[in-house]
Amino acid sequence: MRSRKVGIDLGTANTIVYVDGQGIVLREPSVVAKKSTTGEVVAVGSDARAMIGRTPGSIQAIRPMKDGVIADYDTTAAMMKYFLSKVVGNSKPNVMVCVPSGVTEVEKRAVIEATQNAGANEAYLIEEPFAAAIGAGLPVMDPTGSMVVDIGGGTTDVATISLGGIVSSRSIRMAGDKFDESIIAYVRQNFSLLIGERTAEQMKIEIGSASIESAKQLGEMSIRGRDLISGLPKTVDLSAQNVAEAIHEDIEEIVTAIKETLEATSPEIAADIIDHGIVLTGGGALLKNLADVISDSTKVPVFVAQDALDCVAIGTGESLKNLDVIKRHK
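Residues numbered from 1 in each chain as written. Predicted model: local features only at pLDDT ≥ 70, side-chain atom pairs only at ≥ 80, totals over all residues. Heavy atoms only, no water.

- Per an unreviewed UniProt entry, the protein goes by Cell shape-determining protein MreB and derives from Bombilactobacillus folatiphilus.
- Its UniProt record, at the heading Subcellular location (unreviewed entry), says of the protein: "Cytoplasm".
- Word for word, the UniProt comment on the protein under Function (unreviewed entry) is "Forms membrane-associated dynamic filaments that are essential for cell shape determination. Acts by regulating cell wall synthesis and cell elongation, and thus cell shape. A feedback loop between cell geometry and MreB localization may maintain elongated cell shape by targeting cell wall growth to regions of negative cell wall curvature." (UniProt positions renumbered as here; feature names shortened; annotations may be inferred.)

Here it is, written out as C-alpha cells:
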C-alpha cells in the first residue's frame with residue numbers, strides 16, 4: 001500500500017497540515033498544555049491555547065517552537081504525533097516539513113527526528129520561502145526570477161528563486177510574535193498597563209498598521225490589563241497610531257532584510273523582480289499597509305498572495321509531488 005503524503009507547516013504560532021488529494025485538513029495553534037510535575041500532555045492546539053495565561057500552577061501551556069525552530073524536542077514530537085494521528089489515523093505517511101532558510105544542520109536533524117518519532121514513514125525538509133513560493137503559484141521552476149517574503153510567527157524569510165532553487169535569501173527572527181512583544185512593551189512603557197499576548201495579538205490584527213501615517217484612519221480600541229501602579233484591573237483606549245509606533249522598528253528591520261536580499265541578487269533576477277513584483281505570504285503579510293510600506297522603500301511592486309496564511313502549507317504538500325526535483329536542489 002502506498003504511503004499517504006502529508007505536508008506540515010510547523011510554525012511558531014500555528015501548525016497547518018496539508019494532505020495530498022484533500023488539501024488543508026488541519027489548522028491549530030502550536031501550543032501544548034502539560035502537567036508541571038509529570039510532563040503528561042493535557043491538551044494540544046486550540047484547547048491548549050485557550051489555557052495560556054490562565055493555567056493553575058500544576059499545568060503549563062507552552063509553545064514548543066521558538067523562532068521557527070524546535071525549542072522543546074519532546075513536546076514538539078508529542079504535538080506532531082497528535083496532529084498526524086488526527087489527520088491520518090495510525091497510517092505512517094511520508095511527511096514534508098518546512099523549516100526557515102537560516103536553520104543549522106543540527107536544527108534540521110531535530111525536525112526530521114521529531115517527525116519520524118511522531119509516526120512518519122519518511123521525513124523530508126523544504127525551506128519555508130521556497131514552499132511559500134510554490135503555494136503562492138510562482139513559477140519556481142522557470143528560468144525567471146521570483147521574490148517571496150514569508151512573514152510567520154517566529155521568522156521572516158526573504159528569498160529570490162529561479163530554476164527550482166533559492167538564489168539569495170535572508171532569515172531574520174523578526175515576525176508576528178515580535179510585533180506582539182513590541183506592543184506589550186509599548187503599552188507597559190507609555191500607559192503603565194500590563195497586557196497579555198492574546199490582547200496584543202488582537203490589537204495587531206484589528207488595528208495594526210505598518211504605516212504610522214495611514215493608521216490615522218483605523219480608529220482605536222479599548223483594551224484591558226493590570227495597572228502597574230495600583231495593581232488593579234484597568235481599561236485603556238489605544239489608537240491605531242499607537243500600535244503602528246510600537247511596531248515601527250520591527251517593520252524597518254524586515255524592510256532592511258528585503259533590501260539586503262535584493263542587493264545580493266544578480267541584475268538579471270533583479271530585473272525580473274521589478275517586472276513581476278515581490279510576493280508576501282504568511283500571517284504577517286496581512287498586516288494593514290505593509291505591502292505599500294515595502295513598495296515605497298524598495299521601489300518595487302509588492303503583492304499579498306492569495307491565501308497568504310496557507311501558502312507555506314500548500315507549497316509543502318505540493319512539493320511532495322516533485323520530490324526528485326527537491327532532492328536534486330539540496
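More follows now that the structure is in view.
## Here's the deal with the overall build of the protein
Part 1: Within the protein, the regular secondary structure consists of eleven helices and 18 strands.
Part 2: By the compact-globule yardstick of 20 Å for 330 residues, the protein fits well, its C-alpha radius of gyration being 20 Å.
Part 3: Considered along the principal axes of its C-alpha atoms, the protein spans approximately 60 × 55 × 30 Å.
Part 4: For the protein, with 330 residues in total, the buried portion stands at 52%.
Part 5: Put simply, 62% of the contacts in the protein that link residues at least 6 apart link residues at least 24 apart.
Part 6: Here the protein displays about 15000 Å² of accessible surface, and carbon together with sulfur accounts for 48% of that area. (Helix = DSSP H or I, 4+ residues; strand = E, 2+ residues; numbered from the N terminus. Rg over C-alpha atoms; globule rule 2.2 N^0.38 Å. Buried < 20%, exposed > 50% of the residue type's maximum accessible area, 1.4 Å probe, protein only. Contact = heavy atoms within 4.5 Å. Areas by Shrake-Rupley, 256 points an atom, 1.4 Å probe, with all protein chains shown as cover.)

## Digging into the side chain of threonine 144
Part 1: Its place among the elements puts threonine 144 in the loop between α4 (128-135) and β11 (146-151).
Part 2: Other than its neighbours up to four places away in sequence, threonine 144 contacts Pro139, Ile161, Ser162, Asp272 and His276.

## Focus: unusual backbone geometry
Part 1: Phi is positive for leucine 163, close to 50 degrees, though the residue is something other than glycine.
Part 2: For serine 192, which is not a glycine, the phi torsion comes out positive at approximately 50 degrees.
Part 3: Mapped onto the elements of the fold, serine 192 is located in the loop between α5 (176-191) and β14 (193-194).

## Side note on α4
Part 1: With seven of eight residues buried, α4 lies mostly within the body of the structure.
Part 2: Listed as buried for α4 are Glu128, Pro129, Phe130, Ala131, Ala132, Ala133 and Gly135.
Part 3: At the exit of α4 stands glycine 137, carrying a positive phi of roughly 80 degrees.

## Some remarks on helix α7 (residues 240-263)
Part 1: Its 24 residues give α7 an end-to-end C-alpha distance of 33 Å, which sits within 8% of 34 Å, the value for a rise of 1.5 Å per residue.
Part 2: Remark: the principal bend of α7, roughly 50 degrees, maps to isoleucine 247. (Expected span 1.5 Å × (residues − 1). Bend = angle between axes of the 7 residues up to and from the residue.)

## What about the packing of α7 against helix α9 (residues 290-298)?
Part 1: The interhelical angle for the contact between α7 and α9, taken along N-to-C directions, is 45 degrees, at an axis separation of 10 Å. Comparing the axis directions of α7 and α9 gives the class oblique. In terms of crossing hand, the pair formed by α7 and α9 is right-handed. Seen from α7, the contacting residues are Ile251, Val255, Ile258, Lys259 and Leu262; seen from α9, they are Leu290, Val293, Ile294, Ser297 and Thr298.
Part 2: Here the residues of the contact of α7 with α9 sort into seven nonpolar, two polar and one charged. (Axes fitted to C-alpha atoms, helices over the stretch in contact; angles between N-to-C directions. Parallel < 35°, antiparallel > 145°, perpendicular 65-115°, else oblique. Left-handed = near helix turned anticlockwise from the far one by under 90°. Nonpolar A, V, L, I, M, F, W, Y, C, P; charged D, E, K, R; others polar.)

## Remarks on the side chain of aspartate 177
Part 1: Its location among the elements puts aspartate 177 in helix α5.
Part 2: On the basis of relative accessible area, aspartate 177 is assigned to the buried category, the value being 17%.
Part 3: Polar contacts involving the side chain of aspartate 177 include one to the side chain of arginine 63, which spans 3.0 Å.
Part 4: When sequence neighbours within four positions are dropped, the list of residues in contact with aspartate 177 reads Thr12, Ala13, Arg63, Gly153 and Gly154. (Polar contact = N/O pair within 3.5 Å; in protein donor to acceptor, adjacent residues only side chain to side chain.)

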